[in-house]
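# Chains, contacts and geometry: an overview
For reference, the chains in residue letters:
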Amino acid sequence: MLKIKVINKGHQPLPRYATLQSAGMDLRANLDEPIVLRPLERCLVPTGLYIALPEGYEAQVRPRSGLALKRGITVLNAPGTVDADYRGEVGVLLINLSQEDFIVNDGERVAQMVIARHEQADFEVVTELDETERGAGGYGHTGVK
């Protein structure tokens, strides 16, 4: 199990996995008062959490599927990335894509966080790329089968 240092300046419990095979942990709003998110409005929801990830890891902040389906609430920059060298508060950038106001209450599960390993790349400039079956085919290139 990967150990991650955390400071909880809020009053919500630490994120945890709901099941043994869960990939993400729920992030909760840490609020003094509710936030009214009007249609097409966005806001940064505080969590009260500050983390120190090991080098080579990131935390991805992703939408909760239930909020997206039932309420039209999603994470605007999904997935948001928390880099290993970031030491500020983890925030959740929510947007209301519904036609109704949405109230974010204190303790509301607003997103999920997935810890993922990543690599850094070094680009090598070349004059041509290897051939593949797909080639330069883009969006919708493979069609409906």
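Criteria and cut-off values
- Residues numbered from 1 in each chain as written.
- Predicted model: local features only at pLDDT ≥ 70, side-chain atom pairs only at ≥ 80, totals over all residues.
- Heavy atoms only, no water.
- Helix = DSSP H or I, 4+ residues; strand = E, 2+ residues; numbered from the N terminus.
- Buried < 20%, exposed > 50% of the residue type's maximum accessible area, 1.4 Å probe, protein only.
- Contact = heavy atoms within 4.5 Å.
- Pairing = 2+ DSSP bridges.
- Axes fitted to C-alpha atoms, helices over the stretch in contact; angles between N-to-C directions.
- Salt bridge = Lys/Arg side-chain N within 4 Å of Asp/Glu carboxyl O.
- Polar contact = N/O pair within 3.5 Å; in protein donor to acceptor, adjacent residues only side chain to side chain.
- 1 Å grid on protein atoms, 1.4 Å probe; cavity = no way out; pocket = protein on both sides within 12 Å on 5 of 7 lines; lining within 4 Å.
- Points joined across faces, edges and corners; volume = space filled by probe spheres on them.
- Nonpolar A, V, L, I, M, F, W, Y, C, P; charged D, E, K, R; others polar.

Let's shift gears to the environment of Ala116. You can see Ala116 is positioned in strand S10 (residues 109-117). For Ala116, a relative accessible area of 15% gives the class buried. Leave out the neighbours within four places in its chain, and Ala116 touches Gly56, Tyr57, Glu58 and Gln60.

We now examine the sheet that holds S10. Taken together, the four strands give an open sheet; going across it, the order is S2-S10-S5-S7, and neighbouring strands pair in antiparallel fashion. Pairing within the sheet leaves two strands with one partner each, and these edge strands are strand S2 (25-28) and strand S7 (80-82). The mean angle between the axes of side-by-side strands here comes to 35°, regardless of whether they run parallel or antiparallel. Bridge analysis of S2 against S10 gives four bridges, and the strand direction is antiparallel. Note that in S10 the partner of Arg28 across the bridge is Arg109.

Turning next to the pattern of salt bridges. The full count for this structure, using the stated rule, is three salt bridges. Salt-bridge contacts for Arg64 lead to Asp26; the nearest nitrogen and oxygen are separated by 3.3 Å. A residue pair is termed long-range when its members are at least 10 positions apart, and Arg64 in the loop between strand S5 (57-62) and helix H1 (65-71) and Asp26 in strand S2 qualify at 38 residues. For Arg64, a relative accessible area of 18% translates into the label buried. Here Asp26 and Arg109 are joined by a salt bridge, their closest N and O atoms 2.9 Å apart. Here the residue Asp26 occupies a position in strand S2, and Arg109 occupies one in strand S10, the gap between them amounting to 83 residues. You can call Arg109 partly exposed: its relative accessible area is 34%. Here the salt bridges share partners, and the residues they tie into one network are Asp26, Arg64 and Arg109.

With respect to the helices and strands, Thr47 occurs in strand S4 (residues 42-52). Engagement of the side chain of Thr47 in a polar contact is seen with the backbone nitrogen of Leu49, the distance being 3.2 Å.

Right, let's talk about the sheet that holds S4 for a bit. Spatial ordering of the open sheet is given by S1-S4-S8-S6, a layout of four strands whose pairing is antiparallel. Every interior strand has two partners, whereas the edge strands, strand S1 (5-8) and strand S6 (73-75), have only one. Between one strand and the next, the sheet's axes are offset by a mean angle of 40°, whatever the strand orientation. Note that S6 and strand S8 (residues 89-96) share three bridges and pair antiparallel. Within S8, the residue paired with Thr74 across the bridge is Ile95.

Here we take up the layout of surface pockets. One simple way to see leftover space: roll a probe sized like a water molecule over the atoms. Looking at the largest pocket, its volume works out to about 340 Å³. By residue class, the composition of the lining of the largest pocket is 12 nonpolar, no polar and one charged. Lining the second largest pocket are 15 residues, with Arg16, Ala18, Met25, Asp26 and Arg109 positioned closest to its centre. Elements with a minimum of two residues in the lining of the second largest pocket: S2, H1 and S10. Broken down by element, the lining of the second largest pocket gets its largest block of residues, three residues, from S2. Its residues placed into classes, the lining of the second largest pocket shows five nonpolar, five polar and five charged.

Keep in mind these values describe shape, not function.
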